[in-house]
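# Reading the structure
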Amino acid sequence: MPIKVGVVGYGTIGARIADAVMKQPDMELIGIAKTTPDYKAKTAVSRGIKIFIPENSIESWKKAGIKVDGVVEDLVREADVIVDATPKGVGKANSEIYKKEGRIAIFQGGEKKDLVEATVVAQVNYNEARGKRMIRVPSCNTTALSRISWFLEREYGVERIIATIARRAADPADKKEGIIDNIEFDPIKPPSHHGEDVRTVLKNLNIFTTAIKIPTTHAHLHLINAKLRKKASREEIIDALSEERRIMLVSSEDGITTTADVFELSRHLGRPMNNIYENVIWIESIHSDEEWVYLAQAVHQEAIVVPENIDAIRAVASTLDAESSMNTTDRTLGIVKGRI
Ligand code: NAD
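Residues numbered from 1 in each chain as written. Predicted model: local features only at pLDDT ≥ 70, side-chain atom pairs only at ≥ 80, totals over all residues. Heavy atoms only, no water.

### A closer look at the sheet that holds strand 2 (residues 27-33)
Reading across from one edge, 4-3-2-1-5-6-8-7 is the order of the 8 strands in this open sheet, with parallel pairing throughout. Only two strands of the sheet have a single partner each, and these edge strands are strand 4 (70-71) and strand 7 (118-119). Of the pairings in the sheet, the one linking strand 7 to strand 8 (residues 134-136) comprises 2 bridges and is parallel in character. Counterpart to Ala-118 in the pairing with strand 8 is Ile-135. Contacts between helix 1 (residues 12-22) and the sheet are confined to strand 1 (3-8), strand 2 and strand 5 (81-84), with strand 2 contributing the most and set at about 155 degrees to the helix. (Pairing = 2+ DSSP bridges. Helix = DSSP H or I, 4+ residues; strand = E, 2+ residues; numbered from the N terminus. Contact = heavy atoms within 4.5 Å. Axes fitted to C-alpha atoms, helices over the stretch in contact; angles between N-to-C directions.)

Take a look at the structure:
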């Protein structure tokens, strides 16, 4: 029997998760919950996706002439697992509905860690989600930092990581957020919240993060310095990274020198919605003085958490092991590893 999945919130993250669920051989998308009868609702209907709405919005859907399949509570009752991808804070309010209906729920990085029993990044701690009713997939930055930190910790042991995060100011489709011609401290007094958030996944990691917001929309850029316990040459690190799941290595020799090139690469790879699910690391950026390692990685904030949500669904609602789940996720989403 496929896992019945409902997605609540059909925005930047929710629409991508719904799309990815539809590609999984062991999952069925029961439907999505949406508040606004807009073009996204119309395209979802045209793709055969069932729509569930808040009861108090029924008139606006009737007026827009969009057929709906029930109210949010109906979706929650029909699903085995709910993935909540509503804006920051809304998930907490929704959690009461999931609890009332006795459903397993997966929340996103905008929700506080205290709402859930575990925060999960598949490569690091898939098994922590087992048997839990409420879990969280962390933010895009935390997911990317957790993946690379876990790699360094597992291969060489980490004494300390110092990471600087240049955050995109808004998503491409945002109409209300963003900064123009400015660089903002985020925050001015260090550390940024990201290090603490990474420790919800990697509990004992010695990581210190700072962040700035930059006026761009398509990616974050992380500059990472890691002091390792075991010496490793640049070549050894590149070889090991080439074998690491969900890490894409790119090179300036191929003309990929900026985050805009990474965005363009996603189009040439034929990725839906320009999705880049991998941490994108520039080979030339990798530097080792055999004590400190430095590297730079781009993070597509709109997509990196999508495979994590798919694995999180299996972790809470199936008996599949982490490797098998990630193999299926990576195959169905066309995720690559190593040099592109
Ligand atoms: P978004 O604003 O693009 O989408 C959220 C959608 O939920 C909107 O369409 C909104 O209308 C809808 N919504 C609001 N209340 C609802 C309700 N009660 N029921 C159903 N739908 C409702 O937001 P997003 O960027 O997709 O973020 C969703 C979550 O993912 C947040 O927790 C965010 O922190 C996290 N996240 C976002 C990004 C990113 O870069 N966009 C990356 C990783 C994680």
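Moving on, there is more to tell.
### Considering the site of the ligand
Surveying the vicinity of the ligand reveals 17 residues, the closest of which are Thr-12, Ile-13, Gly-110, Arg-168 and Asp-171. Between an oxygen atom of the ligand and a main-chain N or O atom of Ile-13, the distance comes to 2.9 Å. Relative to its unbound accessible area of 830 Å², the ligand is 77% covered by the protein chains. Among the residues forming the shell around the ligand, the class breakdown is 7 nonpolar, 8 polar and 2 charged. Two domains each donate at least three residues to the shell around the ligand, and these are domain 1 (3-137 + 305-333) and domain 2 (140-304). (Near = heavy atom within 4 Å. Polar contact = N/O pair within 3.5 Å; in protein donor to acceptor, adjacent residues only side chain to side chain. Areas by Shrake-Rupley, 256 points an atom, 1.4 Å probe, with all protein chains shown as cover. Nonpolar A, V, L, I, M, F, W, Y, C, P; charged D, E, K, R; others polar. Domains from an automatic or database assignment.)

### Structural notes on the environment of Met-134
Position of Met-134 among the secondary structure elements: in strand 8. The spacing of Met-134 and Ile-82 is 52 residues in sequence and 9.7 Å in space, taken between C-alpha atoms. Aside from chain neighbours lying at most four places away, what touches Met-134 is Ser-95, Lys-99, Ala-105, Phe-107, Leu-115, Val-116, Glu-117 and Ala-118.

### Side note on the pairing of strand 2
A large share of strand 2 lies buried, amounting to 6 of its 7 residues. Two strands pair when backbone bridges link them, and strand 1 and strand 2 are joined in this way by 6 bridges, in the parallel orientation. Among the inter-strand pairings, Gly-6 is bridged to a residue of strand 2, identified as Gly-31. Since strand 1 and strand 2 lie parallel, the crossover through helix 1 that links them has a hand, and here it is right-handed. Across 2 bridges, strand 2 lies against strand 3 (residues 51-53) in parallel orientation. Within strand 3, the residue paired with Ile-32 across the bridge is Ile-51. (Buried < 20%, exposed > 50% of the residue type's maximum accessible area, 1.4 Å probe, protein only. Right-handed = clockwise from strand over helix to strand, strands pointing away.)

### A word on the packing of helix 1 against helix 11 (residues 306-317)
Two elements in contact, helix 1 and helix 11, have axes whose closest approach is 9 Å; the angle formed by their N-to-C orientations is 55 degrees. Regarding the angle of helix 1 to helix 11, the classification is oblique. Note that helix 1 runs across helix 11; the crossing there is right-handed. Seen from helix 1, the contacting residues are Arg-16, Ile-17, Ala-20 and Val-21; seen from helix 11, they are Val-306, Asn-309, Ile-310 and Ile-313. (Parallel < 35°, antiparallel > 145°, perpendicular 65-115°, else oblique. Left-handed = near helix turned anticlockwise from the far one by under 90°.)

### Some points on the domain arrangement of the protein chain
Examined at the domain level, the protein chain breaks down into domain 1 (3-137 + 305-333) and domain 2 (140-304). Just the C-alpha atoms count here: the centres of domain 1 and domain 2 sit 26 Å apart. Taken together, the contacts link 26 residues of domain 1 with 25 residues of domain 2. Where domain 1 abuts domain 2, roughly 2100 Å² becomes buried across the two surfaces, and 48% of that area is made up of carbon and sulfur atoms. (Buried area = accessible area lost by both parts, 1.4 Å probe.)

### Brief notes about the environment of Asn-182
Position of Asn-182 relative to the elements: it lies in the loop between strand 9 (158-168) and strand 10 (184-185). Judged by relative accessible area, Asn-182 falls into the partly exposed class, the value being 37%. Sequence separation between Asn-182 and Pro-215 is 33 residues; the distance between their C-alpha atoms is 6.5 Å. Contacts of Asn-182, omitting those with residues within four sequence positions, involve Lys-213, Ile-214 and Pro-215.

### Details of the pattern of salt bridges
Applying the stated criterion across every chain, the model contains 29 salt bridges. Lys-34 is the partner of Asp-38 in a salt bridge, and the nearest nitrogen-oxygen pair spans 3.0 Å. Residue classification places Asp-38 among the partly exposed positions, given a relative accessible area of 23%. For Lys-34, a relative accessible area of 7% translates into the label buried. Glu-128 is the partner of Lys-203 in a salt bridge, and the nearest nitrogen-oxygen pair spans 3.2 Å. Here the residue Lys-203 occupies a position in the loop between helix 8 (194-198) and strand 11 (207-214), and Glu-128 occupies one in the loop between helix 6 (122-125) and strand 8, the gap between them amounting to 75 residues. When salt bridges that share partners are traced, they join Asp-26, Arg-147, Arg-245, Arg-246, Glu-308, Asp-311, Arg-314, Glu-323 and Asp-330 into one network. (Salt bridge = Lys/Arg side-chain N within 4 Å of Asp/Glu carboxyl O.)

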